[in-house]
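# What the coordinates show
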Amino acid sequence: VTPSGPVHTLALNRPAALNSFTGALHAELLAALEAAAANPAVRCVVLTGTGRAFCAGQDLADPAVAPDLTPGAAPKDLGTVIDTLYGPLCQCIRSMPVPVVAAVNGVAAGAGANLALGCDLVLAARSASFIQAFTKIGLVPDTGGTWLLPRLVGRAQALGLALLGDRLPAPEAERLGLIWRCVDDDALQEQAQALAQRLAAMRTKALFATGQALDAAALMDYGQALAHEAALQRTLGASADYREGVEAFTAKRAPRFTDR
Ligand code: T3D
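These lines cover the structure that appears in this document, whether it is placed above or below.

Analysis parameters
Residues numbered from 1 in each chain as written. Predicted model: local features only at pLDDT ≥ 70, side-chain atom pairs only at ≥ 80, totals over all residues. Heavy atoms only, no water. Near = heavy atom within 4 Å. Polar contact = N/O pair within 3.5 Å; in protein donor to acceptor, adjacent residues only side chain to side chain. Areas by Shrake-Rupley, 256 points an atom, 1.4 Å probe, with all protein chains shown as cover. Helix = DSSP H or I, 4+ residues; strand = E, 2+ residues; numbered from the N terminus. Nonpolar A, V, L, I, M, F, W, Y, C, P; charged D, E, K, R; others polar. Core = buried A, V, L, I, M, F, W, Y, C linked by side-chain atoms within 4.5 Å. Buried < 20%, exposed > 50% of the residue type's maximum accessible area, 1.4 Å probe, protein only. Contact = heavy atoms within 4.5 Å. Phe/Tyr/Trp six-rings, centres within 6.5 Å; stacked < 30°, edge-to-face > 60°. Axes fitted to C-alpha atoms, helices over the stretch in contact; angles between N-to-C directions. Parallel < 35°, antiparallel > 145°, perpendicular 65-115°, else oblique. Left-handed = near helix turned anticlockwise from the far one by under 90°.

The subject of this paragraph is the site of the ligand. Surrounding the ligand, one finds 24 residues, the nearest of these being Arg52, Ala56, Gln58, Leu60 and Ala111. A distance of 2.8 Å is found between an oxygen atom of the ligand and a side-chain nitrogen or oxygen belonging to Arg52. Between a nitrogen atom of the ligand and a main-chain N or O atom of Leu60, the distance comes to 2.9 Å. Summarising the interface, the protein chains cover 65% of the accessible area of the ligand, which totals 1000 Å² for the free molecule. Listed by contribution, the elements that provide at least two residues to the shell around the ligand are α2 (78–94) and β6 (107–109). It is α2 that provides the largest number of residues to the shell around the ligand, a total of three residues. Residue classes in the shell around the ligand are distributed as 16 nonpolar, four polar and four charged.

Structure follows, in structure tokens:
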């Protein structure tokens, strides 16, 4: 964890195994996210990788999940791995009270790809890539992939990515709408920090409600979405921070939001 004012940067740090997930990495990441969520001084989180990869998904050398190749050996229960490790991690990121920016510094494969795609804004280095590696080892997309992919790029592209598991270069990911932006490799971390500082200066509660509202609206008809917007504006509008936003606009100065 590297704090920089209101922005906390979490770097996955198992570069020799391309930052793939072990139980220990899961525990550390979840604890760091929960600490950031509980810290009122934190207003944005950046998630990135150390070394040449963002994250290669599950550590396939981990005896807890890798199949035992001894004839007759019982299969591992991967459902429990998802239920107890990936599910809570996905839910934690999705419900973070502050925006989470993924700074994808290199390859993001399997659960690593969908971990990034589940963040609020995904910024990727031009040389980075995204791989839905699951079908190559006989699995389905997890870490939210079945939910995220069709919503991000539509069913046709989602199926193409998920069935074939080909490497999708970051510029193509941006073109498809899978990620927010790709930037030059040597500008990635600086631009991710600038984006995060910009988000940190905004009204966190409005950012959180915006993300939740976009997801909720996908399950509503138009009238329900209008009613939901009214309910959110009622809450957000009855606050000192809304008055501060309008006052700052009128006075042509930057707003100072105080209620995270
Ligand atoms: O299992 C469950 O619990 C269910 C949950 C599943 C969630 C998932 O994420 S399933 C998908 C798992 N991930 C993958 O299938 C990706 C496997 N990795 C790759 O396909 C490639 O490594 C990459 C495309 C990501 C990168 O390729 P490349 O050529 O740049 O690097 P490399 O040479 O393949 O890998 C470098 C090292 O990292 C290498 O180790 P070595 O030979 O130098 O000692 C390689 O074994 C290691 N590595 C890469 N990915 C993983 C890994 N070690 C363990 N687990 C990995 N996922």
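Moving on, there is more to tell.
Let us now look at the nonpolar core. Generally speaking, nonpolar side chains in soluble globular proteins are found buried as a group. Val104, Phe130 and Leu178 are the most contacted members of the largest nonpolar core, which has 62 residues in total. Those residues in contact with Val104 that lie beyond four places of it in its chain are Phe54, Ala116, Val122, Leu123, Ala124, Ala125, Ala128, Phe130 and Leu188.

Before going further, it helps to spend a moment on the packing of aromatic side chains. Applying the stated criterion across every chain, the model contains one aromatic pair. Both rings, one in Phe21 and one in Tyr86, keep their centres 5.7 Å apart while their planes meet at 80°; by these two values the pair is edge-to-face. Here Phe21, found in the loop between β2 (7–12) and α1 (23–38), pairs with Tyr86, found in helix α2; they are 65 residues apart in sequence, far enough to count as distant. Since its relative accessible area comes to 0%, Phe21 is described here as buried.

The subject of this paragraph is the packing of α1 against α2. Where α1 contacts α2, the two axes come as close as 10 Å, and the packing angle between them is 20°. Between α1 and α2, the interaxial angle falls into the category roughly parallel. The element α1 and its partner α2 pack so that their crossing is left-handed. Residue-level contacts link His26, Leu29, Leu30, Leu33 and Glu34 of α1 to Leu85, Tyr86, Pro88, Leu89, Cys92 and Ile93 of α2. Partitioned by chemical class, the residues of the contact of α1 with α2 number nine nonpolar, one polar and one charged.

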